[in-house]
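Secondary and tertiary structure notes
Here is how the chains run, residue by residue.
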Amino acid sequence: REFFGETNANMIFGLEEARITLQEEQAKFNSPEYANLTGAERLRLYDERKKEILGPYFQATIEREPPDIKYGTELMLTQPDLARMPESERTRALAELRVKHFGPVEAQRLEQQEKQALRADSEALAKMDQFLAAEKEYLRNNPAQGDAERQAAIEELRRKYLGQ
């Protein structure tokens, strides 16, 4: 600012400074100060602060902001409300939020990806449970084996159940 002067520095660095300030402000919305507010109220306050902070850059920032950033911000601000909802209602609210930010086609694709990821996680956990049960049974049935034999047998069980 000393080198460029206030006016030129604002033109050169203003948007970046505003973005950093906005990020810092966004983090405050997870503080206890905002804990008792509804998600809608947090969203409204955040939008007000965003307009104040970005000032003349607000409209350009909104137009260029990617949908995943908008979705993530709204998800973060409404997370406490979503956490209190029953599972079926939360699933519906998340689906509506995805449609709002990504459109129906992309929202459906995201939902399918999430289901695949959950299914893969579930399968991995089931395999791990099978391995742990087999390991426990092996150790119980073979208490007198030496360390090397025990480790080799457990390694073989790991390959059998986990495929690694």
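Residues numbered from 1 in each chain as written. Predicted model: local features only at pLDDT ≥ 70, side-chain atom pairs only at ≥ 80, totals over all residues. Heavy atoms only, no water.

**Description of the pattern of salt bridges**
- Following the criterion strictly, the structure yields 18 salt bridges and no others.
- Between Lys28 and Glu25 there is a salt bridge whose closest N-O contact spans 3.5 Å. Taken together, the residues span about one helical turn, with Lys28 and Glu25 both in helix α1 (residues 6-28) at a distance of three residues.
- Among the ionic pairs, Arg90 bridges to Glu87, the shortest N-O distance being 2.6 Å. Placement of both Arg90 and Glu87 in helix α5 (residues 87-102) is noted, with a separation of three residues, approximately one turn of the helix.
- Within the structure, one salt-bridge network assembled from shared partners comprises Glu25, Lys28, Arg49 and Glu52. (Salt bridge = Lys/Arg side-chain N within 4 Å of Asp/Glu carboxyl O. Helix = DSSP H or I, 4+ residues; strand = E, 2+ residues; numbered from the N terminus.)

**Topic: the packing of α5 against helix α6 (residues 104-141)**
- Closest axis-to-axis distance for the α5/α6 pair is 7 Å, and the angle between their directions is 135 degrees. The angle between the axes of α5 and α6 places the two elements in the oblique class. The handedness of the crossing between α5 and α6 comes out as right-handed. Residues Arg98, Val99 and Phe102 of α5 lie in contact with α6, whose contacting residues are Pro104, Glu106, Ala107, Leu110, Glu111 and Glu114.
- The class makeup of the residues in the contact of α5 with α6 is five nonpolar, no polar and four charged. (Axes fitted to C-alpha atoms, helices over the stretch in contact; angles between N-to-C directions. Parallel < 35°, antiparallel > 145°, perpendicular 65-115°, else oblique. Left-handed = near helix turned anticlockwise from the far one by under 90°. Contact = heavy atoms within 4.5 Å. Nonpolar A, V, L, I, M, F, W, Y, C, P; charged D, E, K, R; others polar.)

**Things to note about the packing of aromatic side chains**
- Scanning the model with the defined rule gives three aromatic pairs in all.
- Here Tyr71 and Phe102 contribute two aromatic rings whose centre-to-centre distance is 5.3 Å and whose plane-to-plane angle is 55 degrees, an arrangement assigned as tilted. Taken together, the residues Tyr71 in helix α4 (residues 67-84) and Phe102 in helix α5 connect sequence positions 31 residues apart.
- Judged by its relative accessible area of 24%, Phe102 falls in the partly exposed class.
- Here the aromatic residues Phe29, Tyr34 and Tyr46 are joined through ring pairs into a cluster of three or more. (Phe/Tyr/Trp six-rings, centres within 6.5 Å; stacked < 30°, edge-to-face > 60°. Buried < 20%, exposed > 50% of the residue type's maximum accessible area, 1.4 Å probe, protein only.)

**As for the nonpolar core**
- In terms of nonpolar packing, the biggest core is built from 10 residues, these being Ala18, Leu22, Phe29, Tyr34, Leu43, Tyr46, Ile53, Leu54, Phe58 and Leu77.
- Those elements giving two or more residues to this core turn out to be α1 and α2 (39-54).
- In terms of residue count, α2 provides more of this core than any other element does, four residues in total.
- Within the second largest apolar cluster, six residues are counted, among which are Phe131, Tyr138, Ile154 and Leu157. (Core = buried A, V, L, I, M, F, W, Y, C linked by side-chain atoms within 4.5 Å.)

**Structural notes on α5**
- If you check α5, its first and last C-alpha atoms are 22 Å apart, about what 16 residues at 1.5 Å a residue would give, namely 22 Å.
- When α5 is considered as a whole, its buried residues turn out to be Ala93, Leu94, Leu97, Arg98 and His101. Within α5, the buried residues cover an arc of 140 degrees as seen down the axis, which keeps them to one side.
- Phi turns positive one or two residues past the end of α5, at Gly103, with a value near 90 degrees. (Expected span 1.5 Å × (residues − 1). Arc of directions from axis to C-beta.)

**Side note on the layout of surface pockets**
- In this model, the largest pocket occupies a volume close to 330 Å³.
- Lining the largest pocket are 16 residues; nearest its centre among them are Arg19, Leu22, Thr61, Glu65 and Ile69.
- When grouped by side-chain class, the residues that make up the lining of the largest pocket number eight nonpolar, four polar and four charged. (1 Å grid on protein atoms, 1.4 Å probe; cavity = no way out; pocket = protein on both sides within 12 Å on 5 of 7 lines; lining within 4 Å. Points joined across faces, edges and corners; volume = space filled by probe spheres on them.)

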